[in-house]
Protein chains: 2
Amino acid sequence: MSDPKPAAANTTTRILDVAERLMQTRGFNGFSYADIAAEVRITKASLHYHFATKAELGCTLIERYSAAFESALQRIGRERADAPARLRAYVKLYAEVLADERMCLCGMLAAEYATLPEPMQRALRAFFAANERWLTQLLEQGQQEGSLALRVPACEAAAMLVGALEGGMLLARASGDPAKFTGAARLLLAQLESPAAASANRRVRVARFAARPARRS
Amino acid sequence: MSDPKPAAANTTTRILDVAERLMQTRGFNGFSYADIAAEVRITKASLHYHFATKAELGCTLIERYSAAFESALQRIGRERADAPARLRAYVKLYAEVLADERMCLCGMLAAEYATLPEPMQRALRAFFAANERWLTQLLEQGQQEGSLALRVPACEAAAMLVGALEGGMLLARASGDPAKFTGAARLLLAQLESPAAASANRRVRVARFAARPARRS
DNA sequence: GTCTATAACGAGATAGAC
DNA sequence: GTCTATCTCGTTATAGAC
């Protein structure tokens with residue numbers, strides 16, 4: 001998720017970076033081409049050369065965001081073995097977005113769903129479906145390992161988790177209190193761990209969440 | 001003096017009703033005075049007589065929504081005795097909004113928070129603070145009764161719950177699947193009930209949730 | 001690729017008649 | 001209270017020079 005950016009990116013990339021941040025902080029209906037143009041220091045007309053319409057720009061952003069998220073998920077699969085560690089790494093993806101004073105791009109767009117062009121709606125549904133698919137597999141793995149204890153089908157728990165994390169971010173931003181997300185995330189994770197594994201992991205997990213002033217691992 | 005007919009509400013109320021629905025379905029930045037005017041069948045200029053600015057209209061709507069929610073909470077306090085029943089009634093408030101094909105007004109505005117006029121931001125924070133206060137008391141009551149089993153401070157569980165319900169609504173709407181909210185809500189409630197109480201209540205609770213659009217058991 | 005200039009439209013808001 | 005008419009500004013988008 002966090003690729004360090006080259007200092008001198010090409011214009012298209014700079015546009016995408018600025019537009020992404022605006023979309024995550026103000027929503028698709030909350031910014032204009034003029035806002036992007038001012039930050040990138042080109043004219044609105046030049047913007048249209050790179051992205052003919054705002055809908056096209058929006059679509060590109062969802063796809064770029066989804067691809068980055070997908071990469072992050074694959075990375076978690078490579079670097080973490082057991083389900084609880086993977087789950088914590090998943091939650092950390094959200095926490096990093098929030099620490100950057102942003103809302104999840106797709107969570108933000110979910111609120112505006114009814115007003116979005118159809119291609120953006122489709123890309124949005126795909127993002128959430130992919131997330132829930134990945135989480136479902138993860139939860140099933142944890143159940144087989146004995147490291148997680150679900151009381152319901154994995155796909156239901158996965159859907160709940162995505163919703164709770166997105167909602168937690170949303171309210172943390174509205175109340176200006178990022179710790180609200182951290183607390184909610186910790187609670188959600190604790191409820192999924194099997195009682196035996198929970199007591200063994202608790203010390204480590206609490207330390208990990210409490211020891212972070214800002215970003216970076 | 002008495003006005004028993006909701007069919008012939010006064011203009012101000014009709015404006016508020018239409019604007020409220022637009023705000024819940026499209027967001028504050030997703031509708032205009034022209035949209036309201038077309039539905040209420042008056043001109044934009046007439047709208048400005050009732051609400052001088054859009055920000056004023058938005059503020060009035062948040063306050064009306066908050067007052068109605070507060071009334072509903074008091075009603076729950078009167079009509080339900082034990083904490084689990086009150087909790088289910090609370091979740092039902094959200095479910096009813098969703099069944100009307102709307103997002104929670106304040107959950108929607110939470111996404112647009114950064115773009116809202118300051119008075120609306122303040123009213124929004126007050127709504128969530130009141131919700132969490134009420135839920136916190138409820139959870140503490142349940143803990144004392146022995147009907148709920150929390151693993152964390154009540155105020156943290158309350159904040160998580162509000163976020164999870166708002167997020168659940170958001171994603172249910174984006175994926176066009178209201179059952180996604182129902183499933184998430186059931187899971188959240190089940191995790192709060194004490195193991196003893198849970199087995200006694202499970203039959204009742206499942207029946208209640210499964211009654212409408214029939215899904216799973 | 002980026003610019004100037006402008007089109008075409010919709011937004012929130014106001015003046016003043018009735 | 002509601003209307004017509006209008007204002008001003010911001011929006012997305014296009015044409016054509018450089």
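Residue numbers restart at each chain and count upward from 1, following the sequence in its written direction. Chains and ligands are labelled by the order in which they are written, letters from A for the one and numbers from 1 for the other. For a predicted model such as this one, the threshold for reporting local features is a pLDDT of at least 70, and the threshold for listing and counting side-chain atom pairs is 80 or more; totals across whole chains, interfaces and linings nevertheless cover every residue. As a rule here, side-chain values come from all non-hydrogen atoms in the structure, and water together with hydrogens is ignored.

Trainee: Please explain the overall build of chain A as it appears in this structure.
Mentor: In this description a helix means any DSSP run of H or I spanning at least four residues, a strand means any run of E spanning at least two, and both kinds are numbered starting from the N terminus. On a plain count of helices and strands, chain A comes out with ten helices and zero strands. Listing the helices and strands of chain A from first to last along the sequence gives α-α-α-α-α-α-α-α-α-α. A buried classification covers 52% of the 217 residues belonging to chain A. When the accessible area of chain A is evaluated, it comes to approximately 9,800 Å², of which 52% is carbon and sulfur surface. Only protein chains enter the calculation, and the probe is 1.4 Å; a residue is then buried if its accessible area is under 20% of its type maximum, exposed if over 50%, and partly exposed in between. The protein chains shown are the only cover counted for residues, whose accessible areas, like all others here, come from Shrake-Rupley with a 1.4 Å probe.

Trainee: Teacher, can you tell me more about the nonpolar core here?
Mentor: If you look at the biggest cluster of nonpolar residues, it comprises 148 residues, and the most contacted ones within it are A:I36, A:F181 and B:I36. Sequence-distant contacts of A:I36, defined by excluding residues within four places in its chain, comprise A:I15, A:V18, A:A19, A:L22, A:F31, A:L47 and A:L57. Take the buried Ala, Val, Leu, Ile, Met, Phe, Trp, Tyr and Cys residues and link them wherever side-chain atoms come within 4.5 Å; each set so joined is a nonpolar core. Note on contacts: a residue pair qualifies if any of its non-hydrogen atoms lie within 4.5 Å across the two residues.

Trainee: In this structure, what is going on with the environment of A:A190? I would like to understand it.
Mentor: Assignment of secondary structure puts A:A190 in helix α9 (residues 179-192). Along the primary structure A:A190 and A:N10 are separated by 180 residues, whereas in three dimensions their C-alpha atoms are 44 Å apart.

Trainee: Explain the protein's contact with DNA strand C here, please?
Mentor: Any residue with a non-hydrogen atom lying within 4 Å of a molecule or strand is treated as near it. Taken together, 17 residues lie near DNA strand C, and A:T43, A:S46, A:H50, B:Y33 and B:H48 sit nearest. Backbone atoms, meaning sugar and phosphate, make up 59% of the atoms of DNA strand C lying within 4 Å of the protein. Identification of polar contacts relies on pairs of N or O atoms within 3.5 Å, with a donor-acceptor requirement for protein atoms, meaning one able to donate a hydrogen and the other able to accept it, and with residues adjacent in sequence counted only if both atoms are side-chain atoms. Taking B:S32, its side chain carries an N or O atom lying 3.0 Å from a phosphate oxygen of DNA strand C. Per-element accounting of the surface near DNA strand C gives the leading share, four residues, to helix α3 (residues 44-50) of chain A.

Trainee: What is the right way to read the protein's contact with DNA strand D from this model?
Mentor: Of all residues adjacent to DNA strand D, which total 17 residues, the nearest are A:H48, A:K54, B:T43, B:S46 and B:H50. Considering DNA strand D, the proportion of its atoms within 4 Å of the protein that are sugar or phosphate atoms stands at 57%. Between a base nitrogen of DNA strand D and a side-chain N or O atom of A:H48, the distance comes to 3.2 Å. Note that a phosphate oxygen of DNA strand D is positioned 2.8 Å from one of the backbone N or O atoms of B:T43. Of all the secondary structure elements, the ones that give two or more residues to the surface near DNA strand D are α2 (33-40) and α3 of chain A together with α3 (44-50) of chain B. Looking at the surface near DNA strand D, the element that brings in the most residues is α3(B), giving four residues. Three classes are used: nonpolar for Ala, Val, Leu, Ile, Met, Phe, Trp, Tyr, Cys and Pro, charged for Asp, Glu, Lys and Arg, and polar for all others, with Gly counted as polar. Residue composition of the surface near DNA strand D, grouped by class: eight nonpolar, seven polar and two charged.

Trainee: Help me out: how do you make sense of the relation of the copies chain A and chain B in this one?
Mentor: Each of the two chain copies goes to the other by way of a rotation about an axis and a shift along it. Superposition of the copies used a least-squares fit over C-alpha atoms from residues whose pLDDT is at least 70 in both. Here chain A sits on chain B after a turn of 180° about the axis and a move of 0.0 Å along it, with an RMSD of 0.0 Å. Both chain copies can therefore be described as sitting about a two-fold axis. With an isologous cut-off of 70% or more, the 95% of interface residues of chain A that recur at the interface of chain B puts this contact in the isologous class.

Trainee: Explanation requested: the pattern of salt bridges in the structure shown.
Mentor: Side-chain pairs of opposite charge can arise where the charged atoms are in close proximity. In the sections that follow, a salt bridge refers to a side-chain nitrogen of Lys or Arg positioned within 4 Å of a carboxyl oxygen of Asp or Glu. Following the criterion strictly, the structure yields 20 salt bridges over all chains and no others. Here A:R102 and A:D100 are joined by a salt bridge, their closest N and O atoms 3.2 Å apart. Accessibility expressed as a relative area gives 13% for A:R102, which makes it buried. Between A:R186 and B:E156 there is a salt bridge, with the nearest N and O atoms lying 2.9 Å from each other. Here A:R186 is found in helix α9, whereas its partner B:E156 is found in helix α8 (residues 154-174) on a different chain. A relative accessible area of 26% places B:E156 in the partly exposed class. Bridged by salt links that share partners, the residues A:D17, A:E20, A:R64, A:D100 and A:R102 form one connected network.

Trainee: Could you clarify how one ought to interpret empty space enclosed by the protein in this entry?
Mentor: Remark: the empty space left among the atoms is shown by a probe the size of a water molecule rolled over them. For each structure, a 1 Å grid was placed over the protein atoms alone; sets of points admitting a 1.4 Å probe that cannot get out are labelled cavities, open sets with protein on both sides within 12 Å along at least five of seven lines are labelled pockets, and lining residues have an atom within 4 Å of a point. Grid points are joined across faces, edges and corners, and a volume is the space filled by probe spheres set on the points. Tallied over the entire structure, the rule returns three cavities of 30 Å³ or more. Counted as a void, the largest cavity has a volume near 50 Å³. A:L187, A:Q191, B:A149, B:L150, B:R151, B:V152, B:A157, B:Q191 and B:L192 together form the lining of the largest cavity. Contributing elements (two or more residues each) for the lining of the largest cavity: α9 of chain A together with α9 (179-192) of chain B.

Trainee: Would you mind showing me how to read the packing of α8(B) against α9(B) here?
Mentor: The geometry of a pair of packed helices is captured by two quantities: the angle between their axes and the separation between those axes. Residue and element names in this part refer to chain B. Lines fitted to C-alpha atoms define the axes here, with helix axes fitted over just the stretch in contact, and angles between the N-to-C directions of these axes take values from 0 to 180 degrees. Running from amino to carboxyl end, α8 crosses α9 at an angle of 160°, the nearest separation of the two axes being 8 Å. In this view, α8 runs roughly antiparallel relative to α9, as classed from their interaxial angle. For the pair α8 and α9, the crossing hand works out as right-handed. The segment α8 lies against α9, with M160, L161, A164, L165, G168, M169, L171 and A172 engaging K180, F181, A185, L188 and L192. When describing relative orientation, an angle under 35 degrees is termed roughly parallel and one over 145 degrees roughly antiparallel, while 65 to 115 degrees is termed roughly perpendicular and anything else oblique. Crossing handedness is defined as follows: a turn of the near helix away from the far one that is anticlockwise and smaller than a right angle gives a left-handed crossing, while the clockwise case is right-handed.

Trainee: Can you walk me through the interface of chain A and chain B in this structure?
Mentor: Reports often express the size of an interface as the amount of accessible area lost when the parts come together. Taken together, the 39 residues of chain A in the interface contact 38 residues of chain B. A quick way to say it: buried area is the sum, across both parts, of accessible area lost when two parts are put together, with a 1.4 Å probe. The contact between chain A and chain B buries some 3,400 Å² in all, and 65% of this surface belongs to carbon and sulfur atoms. Of all residues in chain A, A:R151, A:L171 and A:Q191 bury the most surface against chain B, accounting for 17% of the area lost on that side. At the surface where chain A touches chain B, the tally comes to four salt bridges. For the salt bridge of A:K180 with B:E132, the shortest nitrogen-to-oxygen distance reads 2.9 Å. Remark: the boundary between chain A and chain B carries six residue pairs in polar contact (both at pLDDT 80 or more). Mapped by element, the contributors of at least two residues to the side of chain A that touches chain B are α1 (11-26), α6 (105-111), α7 (118-145), α8 (154-174) and α9 of chain A. Class assignment of the residues belonging to the side of chain A that touches chain B gives a composition of 20 nonpolar, ten polar and nine charged.

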